[in-house]
Amino acid sequence: MCRVALKRCAAICIALSCAAAYGERFIVKDGKAQAEIIVAENPPRMTKLAARELQKYVEKISGAGPAIVREPSGTVPNKVYVGRSLFTDDLGIEVDGLEHGAFRMVSGKDWLVLIGHDEDFVPVEPWARNHGDWTRNKIRKWDKMTGAKWSNPLAAGMYRFHHKELGIWRLDKRGSLNAVYAFLRGLGVRWYMPGDLGEIVPRAATIALPDVDKIVRPDFDVRTMCFDRYHVANADHVLYALRLGTNRVFSVMHHGIRHITERQDQKEAHLDYYQVLAGKRATEGRKANACLSSEGLFKENVRFVRTIFDLYDAPIVSVMPNDGFTNICQCSECRDQATLDRGYSGWYSDYVWGYVCRVANEVAKTHPNKKIMCGAYSTYQLPPLKIEKLPPNVLVQITNGMPRYEMDDETHRRLAELRQAWSAKTPNKLSVSMNYPFTQRGEFRPCYFPHVIARALRDVKGRVWRADLWIPEKRGLHEPGVNHLNAWVLGRFLWDADRDVGALLAEYYRLYYGPAEKEMKAFIEYCEANFAELATSKEKVSRALDLFQAAQEQAEPDSVYGKRIALVDAYLNDLRNRRDQLNKGRGPVPEFRAFNFANSKWDKAKKTFKLDGKLDEPFWNMRGGLRDLITGAKPVFGTRFNVLIDRNAVYFGILCRDRERDPANIAATKDGDPAMWTGDHIEILIETDAHSYYQIVVNPAAAVLDLDRGTSKRHWFQWASKAEVGAHVGEDFWSLEVRIPFTEDAADPLHLVVGRKPTANLPWHFNLCRKRIRDRSVEVSAFSPTGGNKGFHDLMKFGKLYSK
Ligand SMILES: [Zn+2]
């Protein structure tokens, strides 16, 4: 609750004309300081920063910065006490009860107090001083302490929570700083975007000492934004996050089970902790997942959680499967716990949450006041059916538990139902984590969602205690010229969800865009209302760009407004490319109508379907063929294929004719080995209704290499399709059966093809290509020949793929 002890007009009363109540009381008068800033003898780091920020902005406004002192010097009549000190104690002003960054602003005859709970964070040993310090040195101490083989990302990454230049730690408590920022906002200062270009500072020679007494509490206890990376972000971006009023809770978050399972020495010691897949314990990769029926894993997990609680006095520890949890362990105890009839979002809900509750109940015996947290995420997003109530020490975090960019009532209602369903399972408030569209992962649309954010936070206020917000970041806020609006609106509404978004934005457009106020409002609101269609509609893309151009014409390029608009202009280049691409259109491309594998006529054949690459099932009626990539002629070595589309997966059967006794040139046998490209391989390129595009490379040894080509090159290989492949090499051919799962749930951009089942009206586009490589000859063929200009990668030549 945002409780305001005295009149809500306090902010307005700070305005310069209002000093009359106490007579002559000024912080600055006619450009001369009339007050000092007083802090304690040895104040916490954030109190010092608060004093410096106050001094800096008072000087920016008035030209006179008050001195920062430890006690009143008697040379000026008034005092501004920042943070707790003997003086505030004498005045009887308490900080007790000012939790989660709450603050108090109170004034008297010749003083003003800006105060909250400030406390220095103290890292606990052993912790890494730099990258590499953990694995080189500290991990040995940790292993000795625990007698286990656990990772500890908190300690390993501790140095990342420290900002050298500002001399602060990310977990420093900082209520007084929030008070200072609120006071400065009252004077008209605005921090819309990181850096000088993003701020508004009014000018005034006189600043009154206000008549005020109020306590302000945030509507959400924890307000985390990902972009304040203390170890790499520059000071502007970190200060911006502070000015937004963000904070964090100290804990081990996200995919907590991985801390037990990800180390190689653990894999070697305890094979039984890991999933059985394809008949064996699967331990490959950092994202190897666990067998949640393993008694050994359970015991270690409980011990891990207790260790973190005791060592760090942490309030919360995550118990959650590792990322990419799309398969369930096939051991006899796990496999029947899947509830596949609930659909992707509920496949493993009972299985995962059953485990979480077991750990929570065990831990509660020794640590009843600490909390276990798990995400409602991917295949366990829906609440479990068999668990009526979660234990009181379990916290639920819903990934994308609020609308991100959807303005329609249906989406808001659906997510409210999901939250409601979870709230019915737990006495605790919920946590939501939000992945806003990632501008550095291939997103080209202008991302402005102020109304969606305002509506969502108003709806969840009082029911959500923590918002964990993933806004595009790259050493600070990514593309700040665009992304600042969401960050800033989030910051304002996390503190006060009931404010008027229309009034807030009206002021923003006026102050930030000046002469282009009206035009930028029209552009931004158009983008917000039409976000989804900006991916596909050339009319909407053109309209958005026209609106922007009108705004551009209003502001002088050299003015601050022109510079702010130029940042948006640079970002819009990809949208302009998209417009050109849409204008060109695809032209005539070949179509492929896949078999509808969900049709009951395949039920019987599905039951005995083995993904062994042999193509001996009745549905492998190879109706498609490949042609020479450049000429479109019949290739020397023919390739036939068929495609099946089920509710959650698409299957490719591919038969590659080749030379007798030398049917396949296998260059790699391991998944992810780029050497595959130097031997025979197939490339499946897929653009879905939701994403453009994925590249899945498969070879005759059933090795897979998968790339998300919709992102920047640096991120291509981070994506995993989770495709399953069976390969068979015959006398004069090799053949493949490939199962590629897909999901409509875009919450996890690093796994699975994201898209809706393709239909004639909303098809996917694809190309299926083969490269045959022998000593001196290379033959390239494709379902849709591209003419060779861009190799296989000519998006405009992709053929249509759909099923009935
Ligand atoms: Zn198992």
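Residues numbered from 1 in each chain as written. Predicted model: local features only at pLDDT ≥ 70, side-chain atom pairs only at ≥ 80, totals over all residues. Heavy atoms only, no water.

## Some words on the nonpolar core
Put simply, the test is: Each nonpolar core is a collection of buried residues, namely Ala, Val, Leu, Ile, Met, Phe, Trp, Tyr and Cys, held together in the definition by side-chain atoms within 4.5 Å. Only protein chains enter the accessibility calculation, which uses a 1.4 Å probe; a residue is then buried when its area is under 20% of its type maximum, exposed when over 50%, and partly exposed in between. We count a stretch as a helix when DSSP gives it H or I for four or more residues in a row; a strand needs E for two or more, and each element gets its number in order from the N terminus. Here a residue-residue contact requires only that any non-hydrogen atoms of the pair lie within 4.5 Å.
Trp 353, Tyr 513, Met 520 and Phe 523 are the most contacted members of the largest nonpolar core, which totals 135 residues. Ranked by the residues each element gives to this core, the list is headed by helix H11 (residues 349-364), at 9 residues. Leave out the neighbours within four places in its chain, and Met 520 touches Tyr 509, Tyr 513, Phe 548, Ala 551, Ile 565 and Val 568. In terms of nonpolar packing, the next biggest core, distinct from the first, is built from 45 residues, Val 39, Leu 49, Ala 64 and Val 212 among them.

## Some details on the coordination of the zinc ion
Each pair of donors in an ideal octahedron of six around a metal sits at 90 or 180 degrees, and each pair in an ideal tetrahedron of four sits at 109.5 degrees. Rules: Listed donor atoms are N, O and S within 2.8 Å of the metal (Na, K and Ca: 3.2 Å). As water is not included, a site may look incomplete. Metal sites are grouped by the angles between bound donors: all angles between 85 and 135 degrees with four donors is tetrahedral, opposite donors over 155 degrees apart with the others between 65 and 115 is square planar for four donors and octahedral for six, and any other pattern is irregular.
The zinc ion binds to the protein through Cys 291 (SG), Cys 329 (SG), Cys 331 (SG) and Cys 334 (SG); the donor distances cover 2.3 Å. What the 4 donor atoms of the zinc ion show is an angle range of 102 to 118 degrees at the metal, which sorts the shape as tetrahedral.

## What to know about the pattern of salt bridges
Note the following rule: Any carboxyl oxygen of Asp or Glu that lies within 4 Å of a side-chain nitrogen of Lys or Arg is treated as forming a salt bridge with it.
Evaluated as defined, the whole model comprises 41 salt bridges. For Arg 45, the salt bridge identified is with Asp 120, shortest N-O distance 3.7 Å. With Arg 45 in helix H2 (residues 45-62) and Asp 120 in the loop between strand S8 (118-119) and helix H4 (133-146), this pair connects stretches of sequence that are 75 residues apart. The class of Arg 45 is partly exposed, set by a relative accessible area of 22%. The exposure class assigned to Asp 120 is partly exposed, which follows from its relative accessible area of 31%. Across the salt bridge formed by Asp 689 and Arg 756, the nearest N and O atoms sit 3.6 Å from each other. Note that Asp 689 is positioned in the loop between strand S30 (681-687) and strand S31 (692-698) and Arg 756 in the loop between strand S35 (753-754) and strand S36 (764-773), a separation of 67 residues in sequence. Residue classification places Asp 689 among the partly exposed residues on the basis of a relative accessible area of 26%. Looking at Arg 756, the relative accessible area reads 44%, which means it is partly exposed. Each of the salt bridges in this network shares a partner with another, and the network as a whole consists of Asp 658, Asp 662, Asp 680, Arg 770, Arg 772 and Arg 774.

## Observations concerning the packing of helix H15 (residues 501-513) against helix H16 (residues 517-529)
Heads up, the rule is: A fitted line through C-alpha atoms serves as each axis, taken over the contacting stretch for helices, and the angle formed by two N-to-C directions is quoted from 0 to 180°. Roughly parallel covers angles under 35 degrees, roughly antiparallel covers those over 145, roughly perpendicular covers 65 to 115, and oblique covers all other angles. Note on convention: near helix rotated counterclockwise from far helix by under a right angle means a left-handed crossing. Clockwise means right-handed. Residues are sorted three ways: Asp, Glu, Lys and Arg are charged, Ala, Val, Leu, Ile, Met, Phe, Trp, Tyr, Cys and Pro are nonpolar, and all the rest, Gly among them, are polar.
Packing of H15 against H16 leaves a shortest axis separation of 8 Å and a crossing angle of 125 degrees. In terms of orientation, H15 and H16 fall into the oblique class. Crossing handedness for the pair H15 and H16: right-handed. Counting all contacts with H15, which are made through Ala 506, Tyr 509, Arg 510 and Tyr 513, the residues of H16 involved are Glu 517, Met 520, Lys 521, Ile 524 and Glu 525. A class-by-class count of the residues in the contact of H15 with H16 yields 5 nonpolar, no polar and 4 charged.

## Looking at the pairing of strand S21 (residues 371-376)
Our working definition: Following DSSP output, two strands are said to pair if at least two bridges run between them. Whether a crossover is right-handed depends on one test, that the path from the first strand over the helix to the second runs clockwise when the strands point away from the viewer.
The buried fraction of S21 amounts to 5 of the 6 residues, a majority that puts the element mostly inside the structure. Sheet topology note: the strand S20 (residues 316-318)/S21 ladder contains 3 bridges and is parallel. Paired with Ser 318 across the strands is Met 373, a residue of S21. Assessed by its sense of winding, the connection that carries the chain from S20 through H11 to S21 is right-handed.

## Thoughts on the sheet that holds strand S15 (residues 213-216)
An order of S4-S3-S5-S7-S6-S15 is seen for the 6 strands of this open sheet, with the pairing classed as mixed. Edge positions in the open sheet fall to strand S4 (68-69) and S15, since each of these has one partner strand only. Bridge count between strand S3 (residues 35-38) and S4: 2 bridges; the pairing is parallel. Within S4, the residue paired with Ile 37 across the bridge is Ile 68. Helix-sheet contacts for helix H6 (residues 175-186) involve strand S5 (78-82), strand S6 (103-107) and strand S7 (111-116), and the interaxial angle to S7 is about 130 degrees.

## What to know about the sheet that holds strand S2 (residues 32-33)
Within the open sheet, the 3 strands sit side by side as S2-S1-S14. Their pairing is antiparallel. This sheet does not close on itself; its edge strands, each paired only once, are S2 and strand S14 (207-208). Pairing geometry for strand S1 (residues 26-29) and S14, over 2 bridges, is antiparallel. Paired with Val 28 across the strands is Ile 207, a residue of S14.

## A short note on the confidence of the model for the protein
Should pLDDT be low for a region, the predicted coordinates there are not to be read in detail. As a reminder of what qualifies: pLDDT gives the predictor's per-residue confidence on a scale running from 0 to 100.
The predicted model of the protein averages 92 in pLDDT, with 97% of residues at 70 or higher. Confidence drops under a pLDDT of 50 for residues 1-21, and excluding neighbours within four residues, the segment shows 39 contacts in the predicted structure.

## What about the packing of aromatic side chains?
What describes a pair of aromatic rings is the distance from one ring centre to the other and the angle between the planes of the rings. Quick note on the threshold: Working definition: rings of Phe, Tyr and Trp (its six-membered ring) pair if their centres are within 6.5 Å, and the pair is stacked with planes under 30 degrees apart, edge-to-face with planes over 60 apart, and tilted otherwise.
The full count for this structure, using the stated rule, is 49 aromatic pairs. Relative to Tyr 380, the ring of Phe 325 lies with its centre 5.9 Å away and its plane at 80 degrees, an arrangement referred to as edge-to-face. Of this pair, Phe 325 sits in the loop between S20 and H11 while Tyr 380 sits in the loop between S21 and strand S22 (394-399), and the two are 55 residues apart along the sequence. A residue is classified by how much of its surface remains accessible, and Phe 325, at 1% relative accessible area, is buried. Measuring from ring centre to ring centre gives 6.0 Å for Tyr 448 and Phe 523, while their planes differ by 80 degrees; the resulting arrangement is edge-to-face.

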